[in-house]
Amino acid sequence: MNVPLLDLAPTLDEQRQEIIDAVTRIIDSTRYIQGPEVDELEKEIADYCGVDYGVGVSSGTDALLVSLMALDVGAGDLVLTTPYSFFATMGVILRLGAMPVFADIDPVSFNIDPDRVAEILAADTEKRIKAVIPVHLYGQAADMARILEITAAHEVPVIEDAAQAIGTEYPFAGAAGVTWMKAGSMGLCGCFSFFPSKNLGAVGDGGMVVCRDASFAHNLKLLRNHGGEPKYYHSMVGGNFRLDPIQAGVLRIKLKHLEKWHRQRRENAERYNQLFKDQAARSELPVTTPVSVYREGSGAGADLKNFHIYNQYVIRADRRDRLREWLQKKNVATEIYYPLGLHQQECLTRRFTPPPMPNTEKAASESLALPIYPGLTPQMQEYVVKSVADFYR
Ligand SMILES: *Cc1c(COP(=O)(O)O)cnc(C)c1O
C-alpha cells in the first residue's frame, strides 16, 4: 500500500468543475487585480471568524509581515514568539530589522507556554517587546485566555499566527459560561495562510489578516498596496502584498466545504488514536498520540466538541528518525514539523547564541507528522499504525 503525506486530489475532485468555471469567469471578467472576488472572500472569512474585517494578502508570510509593519515594528524592537513554528513566524521579524525573543513551548500542546510569556514580559523593563506572536500549531489553539490576560497587563499587542488554524476554536470561560472563539479573532489580528497544504488551500499562494479594529484594517489595506493614500501619494512604505482574485475565487468555493473537511480530519485523528490504543493494548508502543487540549463532551459522537482542526496529526516517537526511514520503506510518507527550533537556525546562531529551549528541542527530536488529509481511508490508517507497530516489534 502507498500512503502519501497529503493528496489534494480527493477534495479537488468534489468541486473540480465549479472551480474551473469560477477561474474562467474571473479571466473573462478582465479584473485581475483586487476586485469583487477579493472583497467577497474578505467578508466571508471575516464572518466565518466572527470579526468585522478581512484583508486579503499574497501569503501567510505576508499576512504576518504587514501586521508587524502596521505596528511599526523595526530596528531595535523585539517580538516575543514561540521557538517551535515554521520559519516564516521568525523570518518576518528579522526582515523588519527587529529581533525575536522566544518563550519555550508547553510539552503537551506544542504551543507557547503562557508562564514563560509572563516571565519574559515581566523582565522587559525597557519595553522593547512590541508584539507577541503565538502560533496555533498543527491546528490547535494556544492558551489565548492566559496569553491575552498577560499581554494586556503589559499593553503589548498580540498577532495570532493562525496559518495552520483557520476554523480552530478556543473555549473562553466567562461569567455566562464558555464561549468558543475562532483562531485569529482573539488578538489584535489573526493571520491565515492559504498555502495548498493548509486546511483551506488555494491553487497557489494566498493569505489573509482578520481583525476587529477599523483603523488597523485600514492601515493593513494601505500597506498591502504600497501604502499610497490617495493613490501615488505615500506617507508610508508598504509593498505589493495583494491577494490574486483567481485564488480568491477558488477559495470562496472551497470555504463552503471547510467544516466538512475539518470533520473528516477529526474523524481520522480519532481513528488513529483508537488504532494506536489497540496496538498498545497488545504490546507497549513508545509512541505518544497528540492531545486535543480543548474538548467538550465525550466519545466521537455528535456531542463531541473538539476544535483542533488537525492541519497535522503529530505523534512523538522513540527513535524517530529510524522509524521515519522504516515507514518510507513501507511507502508511508511522513514529515518532521520541525527538525530544529527557530532559536537553533543558523541565520540566528551566526549572530548570537539564544538561550536553550529544552521542550522545543525535545519536540524537534521526537515529533513525526502522519498523513491525516480528507480522503485518507481507514484501510490506509490501519496500514500506517500497523507499520509503526511493526517497527518497534
Ligand atoms: C504556512 C505557515 C506560514 C506561512 O504561510 P505561507 O502562506 O506559506 O507564506 C506561517 N506560519 C505558520 C505557522 C505556517 O504553518
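Here the structure is a predicted model, which is why all the values come from computation and not from measurement. (Residues numbered from 1 in each chain as written. Predicted model: local features only at pLDDT ≥ 70, side-chain atom pairs only at ≥ 80, totals over all residues. Heavy atoms only, no water.)

*Asks:* Sorry, what's going on with empty space enclosed by the protein here?
*Replies:* Scanning all chains against the criterion turns up 1 cavity of 30 Å³ or more. Considering the residues around the largest cavity, the lining is formed by 14 residues, among which Leu8, Thr11, Lys198, Asn199 and Arg265 are closest to the centre. Broken down by class, the residue content of the lining of the largest cavity amounts to 7 nonpolar, 3 polar and 4 charged. For the lining of the largest cavity, the domains that each give at least three residues are domain 1 (9-255) and domain 2 (258-392). (1 Å grid on protein atoms, 1.4 Å probe; cavity = no way out; pocket = protein on both sides within 12 Å on 5 of 7 lines; lining within 4 Å. Points joined across faces, edges and corners; volume = space filled by probe spheres on them. Nonpolar A, V, L, I, M, F, W, Y, C, P; charged D, E, K, R; others polar. Domains from an automatic or database assignment.)

*Asks:* Explain the pattern of salt bridges to me, please; I cannot follow it from the model alone.
*Replies:* Side-chain pairs of opposite charge can arise where the charged atoms are in close proximity. Applying the stated criterion across every chain yields a total of 20 salt bridges. Salt-bridge contacts for Lys362 lead to Glu366; the nearest nitrogen and oxygen are separated by 2.9 Å. Within this pair, Lys362 and its partner Glu366 are both found in helix α12 (residues 358-366), separated by 4 residues, close to a single helical turn. Lys362 gets classed as partly exposed once you look at its relative accessible area, which sits at 46%. When its relative accessible area of 18% is taken as the criterion, Glu366 is described as buried. Close ionic contact of Asp390 with Arg393 constitutes a salt bridge, the shortest N to O distance being 3.3 Å. Residue classification places Asp390 among the partly exposed residues on the basis of a relative accessible area of 24%. One continuous salt-bridge network, built from bridges that share partners, spans Arg25, Glu37, Glu44 and Arg252. (Salt bridge = Lys/Arg side-chain N within 4 Å of Asp/Glu carboxyl O. Helix = DSSP H or I, 4+ residues; strand = E, 2+ residues; numbered from the N terminus. Buried < 20%, exposed > 50% of the residue type's maximum accessible area, 1.4 Å probe, protein only.)

*Asks:* In this structure, what is going on with the sheet that holds strand β13 (residues 313-317)? I would like to understand it.
*Replies:* As a general point, the strands of a sheet are linked pairwise by backbone hydrogen bonds and lie either parallel or antiparallel. Strand order in the open sheet formed by 3 strands is β10-β13-β14, with antiparallel pairing between adjacent strands. Looking at which strands have only one partner, the edges of the open sheet turn out to be β10 (287-288) and β14 (367-370). Lying over the sheet, helix α9 (residues 258-282) contacts β10, β13 and β14, oriented at roughly 25° with respect to β13. Against the sheet, helix α10 (residues 320-329) engages β13 and β14, with an angle of about 25° to β14. (Pairing = 2+ DSSP bridges. Contact = heavy atoms within 4.5 Å. Axes fitted to C-alpha atoms, helices over the stretch in contact; angles between N-to-C directions.)

*Asks:* What exactly am I supposed to notice about the layout of surface pockets here?
*Replies:* Empty space among the atoms can be located by rolling a probe the size of a water molecule over them. In this model, the largest pocket occupies a volume close to 400 Å³. Lining the largest pocket are 22 residues, with Phe86, Ser193, Phe195, Lys198 and Tyr338 sitting closest to its centre. When residues in the lining of the largest pocket are grouped by element, the largest group, 3 residues, is from helix α3 (residues 60-70). Of the residues that constitute the lining of the largest pocket, the class distribution is 8 nonpolar, 11 polar and 3 charged. Mapped onto the domain boundaries, the lining of the largest pocket takes at least three residues apiece from domain 1 (9-255) and domain 2 (258-392).

*Asks:* Honestly, the packing of α3 against helix α7 (residues 214-223) in this entry has me stumped. Any pointers?
*Replies:* Two quantities define a packed helix pair, namely the angle between the helix axes and the distance between the axes. Remark: α3 packs on α7, axes separated minimally by 9 Å, with the N-to-C direction vectors making an angle of 120°. Pair α3 / α7 crosses with right-handed handedness. Where α3 abuts α7, its residues Val66, Ser67, Met69 and Ala70 lie against Phe216, Leu220 and Leu223. Split by residue class, the contact of α3 with α7 holds 6 nonpolar, 1 polar and no charged. (Left-handed = near helix turned anticlockwise from the far one by under 90°.)

*Asks:* I would appreciate a short explanation of the environment of Phe102 in the present structure.
*Replies:* Tracing the backbone shows Phe102 in strand β3 (residues 99-102). Considering only alpha carbons, one finds Phe102 and Val117, 15 residues apart in sequence, at a separation of 8.5 Å. The contacts of Phe102, once residues within four sequence positions are left out, are Leu80, Thr81, Thr82, Pro83, Met90, Ile120, Leu342, His343, Leu348 and Met357.

*Asks:* What am I meant to see in the site of the ligand here?
*Replies:* Surrounding the ligand, one finds 15 residues, the nearest of these being Gly60, Thr61, Gln164, Ser193 and Lys198. The separation between an oxygen atom of the ligand and a polar side-chain atom of Thr61 is 2.5 Å. Lys198 is positioned such that a nitrogen or oxygen atom in its side chain is 2.9 Å from an oxygen atom of the ligand. Isolated, the ligand exposes 380 Å² of accessible area, and the fraction of that covered by the protein chains is 92%. The cavity that encloses the ligand is the largest pocket. At the level of elements, α3 and α4 (88-95) are the ones that each hand at least two residues to the shell around the ligand. (Near = heavy atom within 4 Å. Polar contact = N/O pair within 3.5 Å; in protein donor to acceptor, adjacent residues only side chain to side chain. Areas by Shrake-Rupley, 256 points an atom, 1.4 Å probe, with all protein chains shown as cover. Sits in = over half its atoms within 2 Å of the grid points.)

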